[in-house]
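Secondary and tertiary structure notes
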Amino acid sequence: MPVPPDGVPAAPPAPGAERAPGPVLRLGVLGCAGFARRRMLPAMAAHGGVELRAVASRSAGRARDTAAPYGARPVTGYAELLADPSLDAVYLPLPAALHAEWVEAALEAGKHVLAEKPLTTDAARTRALLERARTLGLVLRENTMFVHHGQHAVARRLLADGAIGEPRALHAAFTVPAPAEGDIRYDPELGGGCLADIGLYPVRAAVHLLGTELDVAGAVLSAAPGRRVETSGAALLRRADGVGAQLTFGMEHAYRSRYELWGSEGRITVDRAFTPAADHRPRLLVERASGTETVTLPAEDQAAASLTAFAAAVHGRRAGAGDEAELLAQADLIERIRRAAAPWGVPRG
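Reference entry: report on the structure contained in this document. Within each chain, residues carry numbers counting from 1 in the order of the written sequence. For a predicted model such as this one, the threshold for reporting local features is a pLDDT of at least 70, and the threshold for listing and counting side-chain atom pairs is 80 or more; totals across whole chains, interfaces and linings nevertheless cover every residue. Excluding hydrogens and water, the side-chain figures rest on all heavy atoms present in the structure.

Some words on unusual backbone geometry
- Backbone torsion omega between K117 and P118 reads -10°, so that peptide bond is classified as cis.
- Of note, P118 is situated in the loop between β5 (112-115) and α5 (123-136). For helices the rule is a DSSP run of H or I covering at least 4 residues; for strands it is a run of E covering at least 2, with both sets numbered from the N terminus onward.

Here is the structure:
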């Protein structure tokens, strides 16, 4: 991307729901989670490169109600959907604790897999599943959508091109209001807690922006009164060269979705960094001694961009995960953050 003298690159064209190269990807969905119904199924229906063919649930009625708006086939039971030879791939939005079991089952059934984050709740299991996918010649991706949004490519290019001088630190925060009582994020048996669900975003931002060679210098996890999982946390990461990342996350907070890259000569700020609406036009602030400039980018749907990347990987026969190094670094850091915070005694069940 060319950079004019002021150091601010031109905005790239916005990825939309364009068709990925190759034939249409025939998708089935394992589970009827609220996020899937709100974001992913509508994105699939609007996407030129995928075809939503079937939706599975343990409840026949829930499968029917979820599939009906899209003309998809309702399926009772996840195993029955995996046995369908007409499907190329599955999208898996089940509770985190069930991911490993059903990702493995889908791979063994010969399906490419796009799984909601986190891919699993155990870094070693994540590694094993990625290796199994490669062995089988299948694509396995975690649906961490924000990394496919063009605003982060612009932020990375600005940083690489020295727009703010030498990198010094990243400050990233993702906090959301409390889920409804009974939400699976409050259930430790289902993989609940804010670290892997909410904290994953600033952790991945650190990896995406600063690289995979990060370690945990310290961490705190806290549980609100009466909760059996962590509901807030913070972590300090560092690279060997001293560049650090301060991360804040939580799920009983005012909404905040933002990061700042600090350099020796300025700062880059990205607001609505992790869950921008499809019609949101990003505005990156680049602050230097000479003044503040705004980089305004086109709106784009990161759900559509994630589907495009997944379909392109399948059609390109790129087995495993294209962002495997980042995914594994993210999984390792989440485990290290939990271990670093363990002395604080957050309840887990």
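A short note on the pattern of salt bridges
- The term salt bridge refers to a side-chain nitrogen of Lys or Arg lying within 4 Å of a carboxyl oxygen of Asp or Glu. This model, assessed by the stated rule, comprises 29 salt bridges.
- With a closest N to O distance of 2.7 Å, D323 and R204 form a salt bridge. With D323 in the loop between α8 (302-315) and α9 (324-341) and R204 in helix α7 (residues 194-210), this residue pair connects regions lying 119 residues apart in the sequence.
- Here R258 and D271 are joined by a salt bridge, their closest N and O atoms 3.7 Å apart. Of the two residues, R258 is situated in strand β11 (residues 256-263) and D271 in strand β12 (residues 266-271); the sequence distance between them amounts to 13 residues.
- Sharing partners across several salt bridges, the network here consists of E142, R156, R204, D323 and E326.

Points about the packing of aromatic side chains
- Between 30 and 60 degrees the pair is tilted, below 30 it is stacked and above 60 it is edge-to-face, where a pair is any two Phe, Tyr or Trp rings, Trp via its six-membered ring, whose centres lie within 6.5 Å. Counted according to the given criterion, the structure contains eight aromatic pairs.
- Residues F146 and Y201 carry aromatic rings whose centres are separated by 5.9 Å and whose planes lie at 35° to one another, so their mutual orientation is tilted. Taken together, the residues F146 in the loop between β6 (140-142) and α6 (150-160) and Y201 in helix α7 connect sequence positions 55 residues apart. For the pair F146 and Y201, one class covers both residues: buried.
- On the basis of an interplanar angle of 45° and a centroid distance of 6.4 Å, the ring pair of Y259 and F274 is categorised as tilted. One end of the pair, Y259, is in strand β11; the other, F274, is in the loop between β12 and β13 (283-288), with 15 residues separating them in the sequence. Each member of the pair, Y259 as well as F274, carries the same accessibility label: buried. Only protein chains enter the area calculation, which uses a 1.4 Å probe; residues under 20% of their type maximum are buried, those over 50% are exposed, and those in between are partly exposed.

Observations regarding the layout of surface pockets
- In this structure, the largest pocket spans a volume of roughly 1,200 Å³.
- Only protein atoms enter the 1 Å grid used here. Points where a 1.4 Å probe fits but cannot escape make up a cavity, open sets with protein on both sides within 12 Å along at least five of seven lines make up a pocket, and a residue lines them when an atom lies within 4 Å of a point. Lining the largest pocket are 48 residues, with A33, F35, R38, R185 and D197 positioned closest to its centre.
- Among the elements of the structure, α1 (34-46) and α7 are those that each provide at least two residues to the lining of the largest pocket.
- Among the elements that line the lining of the largest pocket, the one with the most residues is α1, at six residues.
- Within the lining of the largest pocket, the residues separate by chemical class into 28 nonpolar, ten polar and ten charged.
- Grid points are joined across faces, edges and corners, and a volume is the space filled by probe spheres set on the points. For the second largest pocket, the calculated volume is near 300 Å³.
- Around the second largest pocket sit 21 residues that line it, and T120, T121, D122, A196 and I334 are the ones nearest its centre.
- Contributing elements (two or more residues each) for the lining of the second largest pocket: α5 and α9. Polar here means any residue outside two lists: the nonpolar Ala, Val, Leu, Ile, Met, Phe, Trp, Tyr, Cys and Pro, and the charged Asp, Glu, Lys and Arg; Gly therefore counts as polar.

That is the geometry; function is a separate question.
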